[in-house]
Amino acid sequence: MGLRRALPLALLLRSRAMGLRQRARALAVRGGALRESIAYGGQKKPVFYDMTHSNNAARVRLWLRLVDPALSQQVESTFITYDDLRSEEYGKLNPLRKVPALVRGDGGTVFESDVILKYLEDLYGNNEAMTPATPEGRQVMNLFIRIHDIYISSPNC
């Protein structure tokens, strides 16, 4: 993927607005209670903590929607605010107090977008969908991810 193809994707990540559906399900960390979602069969669904202006969280959000739209139904998405990031409750999910964070179905937590994506790819087995087929392609992809994480990403989210 060249810079010409990566730049529009980066702009898409920055300009993605929160839809009405997400607003209706917003704010998981309020009043000291974490959101719990029950999946089919009585098991808990993973809960993904997102923030409107976080391009790190947008990476996971886009993966969930683009790889297989049915995955968005298997992972509960919840938008939080800056105030939520400072709460003790959220600090238990992500000690860095940044988004994204994911609470696994077994209650364990995962944070950092790249780690969350690798976990979801392992869990749902869709790692070919957005990963280049060649070692050279994966190297370029990993380089863009690393550049984003170190030099572009906001220190707040």
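What you see is a predicted model, and the numbers here were worked out from it, not measured in a lab.

Cut-offs used in this document
Residues numbered from 1 in each chain as written. Predicted model: local features only at pLDDT ≥ 70, side-chain atom pairs only at ≥ 80, totals over all residues. Heavy atoms only, no water. Helix = DSSP H or I, 4+ residues; strand = E, 2+ residues; numbered from the N terminus. Expected span 1.5 Å × (residues − 1). Buried < 20%, exposed > 50% of the residue type's maximum accessible area, 1.4 Å probe, protein only. Pairing = 2+ DSSP bridges. Axes fitted to C-alpha atoms, helices over the stretch in contact; angles between N-to-C directions. Polar contact = N/O pair within 3.5 Å; in protein donor to acceptor, adjacent residues only side chain to side chain. Parallel < 35°, antiparallel > 145°, perpendicular 65-115°, else oblique. Left-handed = near helix turned anticlockwise from the far one by under 90°. Contact = heavy atoms within 4.5 Å. Nonpolar A, V, L, I, M, F, W, Y, C, P; charged D, E, K, R; others polar.

Undergrad: Can you walk me through helix H3 (residues 55-67) in this structure?
TA: For the α-helix, the turn length of 3.6 residues means that residues three or four positions removed from each other point alike. For H3, built from 13 residues, the straight-helix expectation of 18 Å at 1.5 Å per residue is met to within 8% by its first-to-last C-alpha distance of 18 Å. In terms of burial, H3 is largely enclosed, as 11 of its 13 residues are buried. Every buried residue belonging to H3 is among Asn 55, Asn 56, Ala 57, Ala 58, Arg 59, Val 60, Arg 61, Leu 62, Trp 63, Leu 64 and Val 67, and all of these are buried.

Undergrad: Just checking my understanding: could you explain the sheet that holds strand S4 (residues 109-111) for this structure?
TA: Whether parallel or antiparallel, the strands of a sheet pair through hydrogen bonds between backbone atoms. Strand order in this open sheet of four strands is S2-S1-S3-S4, and the pairing throughout is mixed. The sheet terminates laterally at strand S2 (76-79) and S4, the two strands that pair on one side only. Looking at each pair of strands side by side, their axes are set apart by 20° on average, direction ignored. Here three bridges tie strand S3 (residues 101-103) to S4, and the two strands are oriented antiparallel to one another.

Undergrad: Please explain the side chain of Lys 45 as it appears in this structure.
TA: As for its position among the elements, Lys 45 is in the loop between helix H2 (20-24) and strand S1 (47-50). On the accessibility criterion, Lys 45 (16% relative accessible area) is buried. At 2.8 Å, the side chain of Lys 45 and the backbone oxygen of Gln 73 are in polar contact.

Undergrad: Is there a simple way to think about the packing of H3 against helix H7 (residues 113-124) in this case?
TA: For any two helices packed against each other, one specifies the inter-axial angle together with the distance between the axes. Packing of H3 against H7 leaves a shortest axis separation of 9 Å and a crossing angle of 20°. The orientation of H3 relative to H7 falls into the category roughly parallel. Crossing handedness for the pair H3 and H7: right-handed. Across the interface between the two elements, Asn 56, Arg 59, Val 60, Trp 63 and Leu 64 of H3 pack against Ser 113, Asp 114, Ile 116, Leu 117, Leu 120 and Glu 121 of H7. Class assignment for the residues of the contact of H3 with H7 results in six nonpolar, two polar and three charged.

Undergrad: I would appreciate a short explanation of the packing of H3 against helix H8 (residues 135-152) in the present structure.
TA: Two numbers describe how H3 lies on H8: the axes approach to 11 Å, and their chain directions differ by 145°. Contact with H3, carried on its side by Asn 55, Asn 56 and Arg 59, involves Ile 145, His 148 and Asp 149 of H8 and no other residues of that element. Its residues assigned to classes, the contact of H3 with H8 comprises one nonpolar, three polar and two charged.

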